[in-house]
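Topology and contacts: notes
Here is how the chains run, residue by residue.
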Amino acid sequence: MKLPKIKVKNSGVIKLQFFDDFPDGNLVIGEAKKNIPFEIKRIYYINSLFNKKSIRGKHAHKKLEQIIFCINGSFKLNLDDGKQKQSFIMNDPYYGIRLGPKLWHTMSDFSNNCVILVLADDYYKESDYIRDYKEFKKSIK
Ligand code: T46
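Note that the coordinates shown come from a computational prediction; the quantities given were computed from them, not determined experimentally. (Residues numbered from 1 in each chain as written. Predicted model: local features only at pLDDT ≥ 70, side-chain atom pairs only at ≥ 80, totals over all residues. Heavy atoms only, no water.)

**What about a positive patch on the surface?**
Our working definition: A patch consists of residues whose relative accessible area exceeds 30% and which take part in no salt bridge; residues with like charges are grouped when within 9 Å of each other, and nonpolar side chains (Val, Leu, Ile, Met, Phe, Trp, Tyr) when within 5 Å. Here the open area of atoms and residues is found with the Shrake-Rupley method and a 1.4 Å probe, where only the protein chains shown may cover a residue. Salt bridges are defined as contacts in which a side-chain nitrogen from Lys or Arg sits within 4 Å of a carboxyl oxygen from Asp or Glu. When charges are counted, neither His nor the chain ends are considered; positive counts come from Lys and Arg and negative counts from Asp and Glu. Where a charge lies is defined by one atom per residue type: Lys uses NZ, Arg uses CZ, Asp uses CG and Glu uses CD. The helix and strand labels rest on DSSP assignments: H or I over at least four residues marks a helix, E over at least two residues marks a strand, and numbering proceeds from the N terminus.
Taken together, the side chains of Lys9, Lys83, Lys85, Lys134, Lys137, Lys138 and Lys141 define a basic patch exposed on the protein surface. Here the positive patch gets 3 residues from one element, more than from any other, and that element is helix α1 (residues 133-139). The topology assignment puts lysine 85 in strand β8 (residues 85-90).

What follows is the structure, encoded as structure tokens:
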């Protein structure tokens, strides 16, 4: 994946360690507090993305730290820190993008075989979500 330089705040690129065992597969590794910059409390993944028009995300988090990966297929990740916006085509399973606090994000343009993996530093709390864009803009002032 050729990533442009990240301009939005509270983001960054995370590279996973990988062993190329060709022709027997690749082994890809993330370790808490090493290449994953926090203790992992939760993981979740999103698959079966068959609706071409689906747009997921559409929120920011107040405190949550996450790293998002596309471990199969591709999708578009759109980030907005309230001042700058940036989009990435996620299609390389060895790179993740940090979704830090106060970063409005949407995911779209999923390939049929897309699998999104997310590592998070806390359990699910709906109270940590900002799901209203106007409220998000207010929160970053
Ligand atoms: C994010 C992006 C990248 C739970 O009950 N527990 C969980 O751990 C999660 C992640 C979700 N849910 C519930 C909450 C909703 O009722 O599952 C439902 C769908 O969640 P949501 O609409 O937030 O899904 P996405 O794909 O828009 O967002 C998800 C994460 O929720 C979010 O934290 O940053 O992926």
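**Considerations on the packing of aromatic side chains**
We apply this condition: Put simply, two rings from Phe, Tyr or Trp (the six-membered ring, in Trp's case) pair if the centres are within 6.5 Å, and we call them stacked under 30 degrees between planes, edge-to-face over 60, tilted for the rest. Exposure classes here rest on a 1.4 Å probe applied to the protein chains alone. A residue is buried below 20% of its type maximum, exposed above 50%, and partly exposed in between.
Throughout the structure, instances matching the rule amount to 6 aromatic pairs. Seen in terms of ring centroids, tyrosine 133 and phenylalanine 136 are 5.6 Å apart; in terms of plane orientation they differ by 45°. Their pairing is tilted. In this pair, tyrosine 133 and phenylalanine 136 are both assigned in helix α1, 3 residues apart and thus about one turn of the helix distant. Owing to a relative accessible area of 29%, tyrosine 133 belongs among the partly exposed residues under this scheme. Take phenylalanine 136: its relative accessible area is 0%, and that puts it in the buried class. Cluster of aromatic residues (ring-pair linked, three or more members): Trp104, Tyr133 and Phe136.

**Quick word on the site of the ligand**
Put simply, the rule is: Summary of the distance rule: residues count as near a molecule or strand when at least one heavy atom falls within 4 Å of that molecule or strand. Polar contacts, as counted here, are pairs of nitrogen or oxygen atoms within 3.5 Å of one another; within protein the pair requires one atom able to donate a hydrogen and one able to accept it, and residues that are adjacent in sequence qualify only if both atoms are side-chain atoms. Under the scheme applied, nonpolar residues are Ala, Val, Leu, Ile, Met, Phe, Trp, Tyr, Cys and Pro; charged residues are Asp, Glu, Lys and Arg; polar residues are all the others, including Gly.
Around the ligand there are 13 residues in total, and Arg42, Arg56, Gly57, His105 and Tyr129 lie nearest to it. Between arginine 131 and the ligand, the recorded distance is 3.0 Å, taken from a side-chain N or O atom to an oxygen atom. About the coverage of the ligand: the protein hides 68% of its 650 Å² of free accessible area. Of all the secondary structure elements, the ones that give two or more residues to the shell around the ligand are β4 (42-46), β5 (56-61) and β10 (104-108). Residue classes in the shell around the ligand are distributed as 5 nonpolar, 5 polar and 3 charged.

**What to know about unusual backbone geometry**
Cis geometry marks the peptide bond from phenylalanine 22 to proline 23; its omega dihedral reads 5°. Looking at where proline 23 falls in the secondary structure, it is placed in the loop between β2 (17-20) and β3 (26-29). Despite not being glycine, lysine 58 has its phi angle at roughly 55°, a positive value. Along the polypeptide, lysine 58 turns up in strand β5. Classification of lysine 58 by relative accessible area gives partly exposed; the value is 44%. Positive phi is not limited to glycine here, since lysine 102 has a value of about 55°. Considering the arrangement of structural elements, one finds lysine 102 in the loop between β9 (95-99) and β10.

**Here's the deal with the sheet that holds strand β1 (residues 13-15)**
Rules: For two strands to count as paired, DSSP must find a minimum of two bridges between them. An axis is simply a line fitted to the C-alpha atoms; with a helix, the fit covers only the stretch in contact. Between two such axes, the angle follows the N-to-C directions and lies from 0 to 180 degrees.
The strand order across the open sheet formed by 5 strands is β1-β9-β6-β11-β4, and the pairing between neighbours is antiparallel. What marks the edges here is a single partner per strand, and that holds for β1 and β4. Here the average twist between neighbouring strands, direction ignored, is 25°. Note that β1 and β9 share 3 bridges and pair antiparallel. If you follow isoleucine 14 over to β9, its bridge partner there is glycine 96.

**Quick look at the pattern of salt bridges**
Tallied over the full model, the rule gives 4 salt bridges. One salt bridge in this structure joins aspartate 122 and lysine 125, with 2.7 Å as the shortest N-O distance. Of the charged contacts in the structure, one is a salt bridge between arginine 131 and glutamate 126, with a shortest N-O distance of 2.7 Å. Take arginine 131: its relative accessible area is 45%, and that puts it in the partly exposed class. Residues joined in a network through salt bridges with shared partners are Lys41, Asp122 and Lys125.

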